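# Structure assessment
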Amino acid sequence: MSVSEFIQAMVETGLKAVSIEVTPDESRRELRHQRNDLKKELDRARDRIEELEDQLHDHESRAIEQYVASNPGASFEEILQFVVDSAPRRVNTHLHTMEGDTVRIADGQYYPVEQADEAKGAG
C-alpha cells in the first residue's frame, strides 16, 4: 500500500490527524553491503557466462575446422550438413558437461541448478 493510499484509508475510517512515521527495515550500511554482495555475485556470474560462451564458441569452431581439414574444398552446404548431423552428439556432450554445475535433471527434464529443487517439490 502506498503512502497516499494509507492516508486515504485512514481518513475514510475517520482519522483526521494521521501521523506517518517511516522506519526503514534496514540501515543504509546494510543496504550498501547487500548491494555490494549482489554486485560481486553478478560480476562472478557474468565472468562465468563469458567463459562458458568462449568455451562453446571455441569448441564449435574447432569442430568445423577439423571437418574442413578432413574435407578440403567442402562447400558451405556440406559444412552446414555436418553441423546439423553432429548437433545431437555435441548437445549431449555439452549437457553432460553442464550437468550438476549449471543444469540439473528432474523427472527427465532439464532445469537451471537453482530451479531443480523447485521442480522436484512440485512433482
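Residues numbered from 1 in each chain as written. Predicted model: local features only at pLDDT ≥ 70, side-chain atom pairs only at ≥ 80, totals over all residues. Heavy atoms only, no water.

Let us now look at the environment of Ser-2. With respect to the helices, strands and loops of the structure, Ser-2 is situated in the segment before helix H1 (3–12). Only 3.2 Å separates the side chain of Ser-2 from the side chain of Ser-4, close enough to count as a polar contact. (Helix = DSSP H or I, 4+ residues; strand = E, 2+ residues; numbered from the N terminus. Polar contact = N/O pair within 3.5 Å; in protein donor to acceptor, adjacent residues only side chain to side chain.)

It is worth spelling out the packing of aromatic side chains at this point. Each aromatic ring pair is described using two quantities: the centre-to-centre distance and the angle formed by the ring planes. Across all of its chains, the model carries one aromatic pair by this definition. Ring geometry for Tyr-67 against Phe-82: centres 4.6 Å apart, planes inclined by 15°, an arrangement best described as stacked. Within this pair, whereas Tyr-67 is found in helix H2 (residues 28–70), its partner Phe-82 is found in helix H3 (residues 76–98), the two being separated by 15 residues in sequence. (Phe/Tyr/Trp six-rings, centres within 6.5 Å; stacked < 30°, edge-to-face > 60°.)

Moving on to the packing of H2 against H3. Between H2 and H3, the shortest axis-to-axis distance is 11 Å and the interhelical angle comes to 135°. Of the possible angle classes, the one that applies to H2 and H3 is oblique. When you trace H2 past H3, the crossing you get is right-handed. In this structure, H2 contributes Leu-56, His-59, Glu-60, Ala-63, Ile-64, Tyr-67 and Val-68 to the contact, and H3 contributes Glu-78, Ile-79, Phe-82, Val-83, Arg-90 and His-94. Split into classes, the residues belonging to the contact of H2 with H3 amount to eight nonpolar, two polar and three charged. (Axes fitted to C-alpha atoms, helices over the stretch in contact; angles between N-to-C directions. Parallel < 35°, antiparallel > 145°, perpendicular 65-115°, else oblique. Left-handed = near helix turned anticlockwise from the far one by under 90°. Contact = heavy atoms within 4.5 Å. Nonpolar A, V, L, I, M, F, W, Y, C, P; charged D, E, K, R; others polar.)

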